[in-house]
2 protein chains.
Amino acid sequence: MPLRPTLLALALLSSAACALAAAPAVPYRSPQQILDASKPGDWRTLDPANTLYLDLDAGRVVIELAPAFAPQHVGNIRTLAHEHFWDGLSIYRSQDNFVVQFGDPDGEEADKAKPLGSAKRHLPAEFQRDAKGLAFQALPDRDGWAPQVGFVDGFPAARDPKDGTAWLAHCYGTLGAGRNNDEDSSIGAELYVVTGQSPRQLDRNITVVGRVVKGMELLSVIPRGPDPMGFYAKPEQRTPIRAIKLASDLPAAERTPLQLLRTDTQTFRDVAEARRNRRDDFYKRPAGHIDLCNVPLPVRTPPQ
Amino acid sequence: MPLRPTLLALALLSSAACALAAAPAVPYRSPQQILDASKPGDWRTLDPANTLYLDLDAGRVVIELAPAFAPQHVGNIRTLAHEHFWDGLSIYRSQDNFVVQFGDPDGEEADKAKPLGSAKRHLPAEFQRDAKGLAFQALPDRDGWAPQVGFVDGFPAARDPKDGTAWLAHCYGTLGAGRNNDEDSSIGAELYVVTGQSPRQLDRNITVVGRVVKGMELLSVIPRGPDPMGFYAKPEQRTPIRAIKLASDLPAAERTPLQLLRTDTQTFRDVAEARRNRRDDFYKRPAGHIDLCNVPLPVRTPPQ
């Protein structure tokens, strides 16, 4: 019978090294093999004070906040979550290959807007910060958008050695604070998550407040709204938000335990390299490169 | 009342130039303003012989085939469509931030596979081609994956001036031919469309046969299958394919008329530049760069 092609081999979990490839000094290990051999200290547990649960009918989206880059926005988001601001609100925008956006769809209408409680009504823009004091793990790979890219505490980031600033990058799963035209018009009540090709042009133009670490597949399938921006025409098309909660406001039994691979470990560097140069049975030509937003950020349920 | 932030201004259709930005020599025009001022000759009409309709219950996905890069695969795909190979088959894989894959889910099982009709059972790999004879519109932007990137007849592409080869790039919407481990194991019967962050590591590792020009929002929302690869566990989870048809096999009245902006025009270069350096009321810092897979490829219904 004829061979029937499939993408079965287009695996994230590819098997042995390709015998025909130029022999590398060390035998190739797949990303999964590298993770399987990781040590407990390669992983860190999410800090409940920096963890947000976006609970939808379809399930829970877990978000890690980034107080090191946006301390004032994260402070306001903690307050809003603590006071149940988002509970009963909705995801009211889904633009294909770009973002979903959520919060109060009536927030612009003075007579209908949900009260902000004790959250601050004005915050400074937090587009970037001093790179000093940050443990920045630079990638060797070149980037078109920034002089240097890498990771800070697990967050995809960039920095400019000339002016000494650093900022978080817009990748798949990045959580940002929506704003109007004024750069200091965001307070963290209206949020968006990137669901499309990394819109890096937003870097240093919006305050990035965190990123999704689990549950992107619940956001990425939300039906798209109409062109050009994906705001739904009818309220019933919106996706209801059951609640957004700070993990530290919940008893331990109601939290979702997760560990993230530390980006300052050799294991992480090995995973990135195994993706940069794939030497398995499927790939015929290792890329020799990886873009910042293509580097996987491994997440796991803590082993019992 | 306090200002309520939204992403309203995060518009694709942004308005006037920002008065506070460093004044450019020419007033800024948004991509939409540039398109509104385009000439009829800036657009080309899809060739029905190179146009594939993927008809789902949710609607029609329109695909442009790339015979200049994959003549043998495109020939086989025309045969398969003409003989209704895909009608009644399904999208049987959806992996978050990667691909949807479709064709015959039983194609690997000799006793259950749908007959291939008069399609060829074996084709050579068509990963790349001689760059000679191609009108390659290079972008000035640097790229990590290839020495040079740009467009050929509207397709995002790359080339290597050293060895004189060119190839199609994996961006959002790219259509590729699934294969097994052997590089010549694809025949175009099993296909995938990129729905996630551009997986450029697949460039020159798989035969790219075309790209989606309309209807991505129907593919991008298809529920994800289970980790790690997104193949559904149950047949009823698959998305049925009503039919895949070649436009030239249909009477004119059943075709979807579309025009694409020609990538060899000043209008296209102006749109790319308007995205590379946004100088509107929203953006505070033009990126000065655009990645190949972030360049929009404008599509329109022909004006009456």
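An unreviewed UniProt entry lists chain A under the name peptidylprolyl isomerase, with Xanthomonas graminis pv. arrhenatheri LMG 727 as the source organism.

J.: Help me get a handle on the overall build of chain A, residues and values and all.
T.: A tally of regular secondary structure across chain A gives four helices and 16 strands. The globule rule puts the C-alpha radius of gyration for 304 residues at 19 Å, and the 21 Å found for chain A is close to it. Principal axes of the C-alpha set define a box for chain A whose edges measure 70 × 55 × 45 Å. Here chain A, with 304 residues, has 56% of them falling under the buried criterion. Of the roughly 12,200 Å² of accessible surface on chain A, a fraction of 52% belongs to carbon and sulfur atoms. Across chain A, the centroid of the 36 positively charged side chains sits 6 Å from that of the 37 negatively charged ones.

J.: Can you explain the sheet that holds strand β12 (residues 191-194) of chain A? Please cite residues and give values.
T.: All names here are of chain A. Read around the closed barrel, the eight strands follow the order β2-β3-β13-β11-β12-β5-β4-β14; overall the barrel is antiparallel. Within this sheet the neighbouring strands show an average axis-to-axis angle of 35 degrees, counted without direction. The pairing of strand β5 (residues 99-103) with β12 spans four bridges and is antiparallel. Looking at β12, one finds that F102 is bridged to L191.

J.: Mind laying out the state of the cysteines, listing which residues take part and the relevant values?
T.: All names here are of chain B. Taken as a whole and assessed by the stated rule, the structure comprises two disulfides over all chains. With its sulfur 2.0 Å from that of its partner, C171 forms a disulfide with C293. The sign of the -70 degrees torsion about the S-S bond sets the C171-C293 disulfide as left-handed. Of the two residues, C171 sits in the loop between β10 (165-168) and β11 (174-177) while C293 sits in the loop between α4 (266-276) and β16 (299-300), which places them 122 residues apart along the sequence. Judged by relative accessible area, C293 falls into the buried class, the value being 12%.

J.: How would you explain the relation of the copies chain B and chain A if you had to name every residue and give the values?
T.: With an RMSD of 0.0 Å, chain B superimposes on chain A once it is rotated by 180 degrees and translated 0.0 Å along the axis. Such values leave the two copies arranged in the relation of a two-fold axis. Using C-alpha coordinates, one finds that chain B approaches the rotation axis most closely at V221 of chain B, a distance of 2.0 Å. Most of the interface of chain B is mirrored in chain A, where 99% of its interface residues again form contacts.

J.: Which residues make up the UniProt feature "domain: PPIase cyclophilin-type" (unreviewed entry) in chain A, and what values do they have?
T.: Annotation from UniProt places "domain: PPIase cyclophilin-type" (unreviewed entry) at residues 57-246 of chain A. Here residues 57-246 of chain A runs as 8% helix and 33% strand, with 18 Å between its end C-alpha atoms.

J.: Could you give an account of the environment of T195 of chain A, naming the residues involved and the relevant values?
T.: Residue and element names in this part refer to chain A. Positionally, T195 belongs in the loop between β12 and β13 (207-214). Distance from T195 to V221, taken between C-alpha atoms, is 9.1 Å for residues 26 residues apart in sequence. Contact partners of T195, with chain neighbours within four places excluded, come to Q95, F98, V99, V100, Y172, M216, L219 and S220.

J.: Requested: an account of the interface of chain B and chain A, with residues and values cited.
T.: Many structure descriptions define interface size as the accessible area lost when the parts assemble. Each partner contributes to the interface: chain B provides 78 residues, whereas chain A provides 77 residues. The interface formed by chain B and chain A includes zero salt bridges. Our count for the contact surface shared by chain B and chain A stands at 24 residue pairs in polar contact (both at pLDDT 80 or more). Sorting the residues of the side of chain B that touches chain A by element identifies β4 (90-95) and α3 (216-219) of chain B as the ones contributing at least two each.

Conventions and cut-offs
- Along every chain, residues carry numbers that run from 1 in the direction the sequence is written.
- For naming, the first written chain is A and the first written ligand is 1, with later ones following in the order written.
- Whole-chain, interface and lining totals are the exception, using all residues; otherwise, since this is a predicted model, local features are given only for residues with pLDDT of at least 70 and side-chain atom pairs are given and counted only at 80 or more.
- Working from all heavy atoms in the structure, the side-chain values ignore hydrogens and water.
- For helices the rule is a DSSP run of H or I covering at least 4 residues; for strands it is a run of E covering at least 2, with both sets numbered from the N terminus onward.
- Only C-alpha atoms enter the radius of gyration, while the globule expectation follows 2.2 Å times N to the 0.38, with N the number of residues.
- Whether a residue is buried, partly exposed or exposed follows from its accessible area with a 1.4 Å probe, protein chains only, as a fraction of its type maximum: under 20%, in between, or over 50%, in that order.
- The Shrake-Rupley method, run with a 1.4 Å probe, gives the accessible areas here. Residue values count only the displayed protein chains as cover.
- When charges are counted, Lys and Arg contribute as positive and Asp and Glu as negative, whereas His and the chain ends are disregarded.
- Charged groups are reduced to one reference atom each: NZ for lysine, CZ for arginine, CG for aspartic acid, CD for glutamic acid.
- When DSSP finds two or more bridges between two strands, those strands count as paired.
- Lines fitted to C-alpha atoms define the axes here, with helix axes fitted over just the stretch in contact, and angles between the N-to-C directions of these axes take values from 0 to 180 degrees.
- For this text, the term disulfide refers to a pair of cysteine sulfurs within 2.5 Å.
- Copies overlap after least-squares fitting; the atoms used are the C-alpha atoms of residues with pLDDT of at least 70 in both.
- We call two residues contacting when some pair of their heavy atoms lies within 4.5 Å.
- UniProt positions are given in the numbering used here, feature names are shortened, and annotations may be inferred rather than shown by experiment.
- Just to be clear on terms, a salt bridge is a Lys or Arg side-chain nitrogen sitting within 4 Å of an Asp or Glu carboxyl oxygen.
- Counting of polar contacts relies on pairs of N or O atoms within 3.5 Å, with two restrictions inside protein: one atom must be capable of donating a hydrogen and the other of accepting it, and residues adjacent in sequence are counted only when both atoms are side-chain atoms.

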